[in-house]
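Chain residues, written in single-letter form:
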Amino acid sequence: MGQNETIFYSLFEYNGWSMYIAATEKGLCYTGSQNEPFDEFEKWVNKKWKNRILLKDDERLTPYVKELVQYIDGELKEFTCSFDLRGTTFQIDVWNVLLKIPYAKTICYSDVANMIGNPRAVRAVGTAIGANPIAIIIPCHRVLGKDGSLTGYSGGIPVKEKLLQLEGIQYKQ
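Residues numbered from 1 in each chain as written. Predicted model: local features only at pLDDT ≥ 70, side-chain atom pairs only at ≥ 80, totals over all residues. Heavy atoms only, no water.

If you check an unreviewed UniProt entry, the protein appears there as methylated-DNA--[protein]-cysteine S-methyltransferase from Ureibacillus manganicus DSM 26584.

Structure representation (structure tokens):
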């Protein structure tokens, strides 16, 4: 079998936020759902990595924690941390489009499909967005329905609302 890869993780807790975050040597690879247990993270890791070592390392994750804190405090508009994204080519194309959505702006699913050059792939775009492993940093919360309404969010609609409100984004209830 291949060489083991170390995945460093920490529990991010700040100002009402609580989620597991993880990184490899290459960069951030995971931000968990709000208030979800370690099991959620462990299941995700087991799906994505065959040979891995999990290591709790708060210090190694400090740069990512700092950016998340600055974002939550309204001091950071664009994340600069490095990523280690694992997904299909289609998923990565979708996630790269999401990275281009400016702070406090939104687009709809069909916009994303058009931006990747596949306007008929709206449902597949939704599925790829739902598989985003580093939500918040890759701002899937900035994707709304065509009419500006809230749509699904892997971390739950209340979390999506909280993120939109943090950025001052108006949406349809």
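A.B. asks: Explain the overall build of the protein to me, using residue names and the numbers behind them.
C.D. replies: Regarding its fold elements, the protein presents six helices and six strands. Start at the N end of the protein and walk to the C end: the helices and strands fall as β-β-β-α-β-α-α-β-α-α-β-α. Taking 2.2 N^0.38 as the reference for a compact globule, 173 residues should give roughly 16 Å; the C-alpha atoms of the protein span a radius of gyration of 16 Å, in line with that estimate. With the principal axes as the frame, the protein shows a C-alpha extent of 45 × 35 × 25 Å. In the protein, which comprises 173 residues, the proportion classed as buried is 47%. Here the analysis covers contacts within the protein between residues at least 6 apart in sequence; of these, 58% occur between residues at least 24 apart. Here the protein displays about 9100 Å² of accessible surface, and carbon together with sulfur accounts for 48% of that area. Counting 20 positive and 20 negative side-chain charges, the protein places the averaged centre of each group 8 Å from the other. (Helix = DSSP H or I, 4+ residues; strand = E, 2+ residues; numbered from the N terminus. Rg over C-alpha atoms; globule rule 2.2 N^0.38 Å. Buried < 20%, exposed > 50% of the residue type's maximum accessible area, 1.4 Å probe, protein only. Contact = heavy atoms within 4.5 Å. Areas by Shrake-Rupley, 256 points an atom, 1.4 Å probe, with all protein chains shown as cover. Lys, Arg positive; Asp, Glu negative; His and termini not counted. Charge placed at Lys NZ, Arg CZ, Asp CG, Glu CD.)

A.B. asks: Help me get a handle on the nonpolar core, residues and values and all.
C.D. replies: The biggest cluster of nonpolar side chains holds 40 residues, and the ones touching the most others in it are L98 and I136. Listed by contribution, the elements that provide at least two residues to this core are β1 (5-14), β2 (17-23), α2 (62-72), α3 (89-99), α4 (109-115), α5 (122-130) and α6 (157-166). Ranked by residues supplied to this core, first place goes to α2 with five residues. Looking at this core, you find at least three residues from each of domain 1 (5-73) and domain 2 (89-167). The residues contacting L98, other than those within four sequence positions of it, are V112, I129, I138, P139, C140 and V143. (Core = buried A, V, L, I, M, F, W, Y, C linked by side-chain atoms within 4.5 Å. Domains from an automatic or database assignment.)

A.B. asks: Could you give me a rundown of the UniProt feature "domain: Methylguanine DNA methyltransferase ribonuclease-like" (unreviewed entry) in the protein, with the residues and numbers involved?
C.D. replies: Under the UniProt annotation, "domain: Methylguanine DNA methyltransferase ribonuclease-like" (unreviewed entry) lies at residues 7-84. Across residues 7-84, helical content stands at 28% and strand content at 31%; the span's end C-alpha atoms are separated by 11 Å. (UniProt positions renumbered as here; feature names shortened; annotations may be inferred.)

A.B. asks: Talk me through α3; I want residue IDs and the actual numbers.
C.D. replies: Within α3, the full set of buried residues consists of Q91, V94, W95, V97 and L98. For α3, the arc enclosing every buried residue in end-on projection is 155 degrees, short of the 170-degree limit, so these residues lie on one face. Summarising the contacts, the buried residues of α3 are in contact with β5 (107-108), α4, α5 and β6 (143-144). (Arc of directions from axis to C-beta.)

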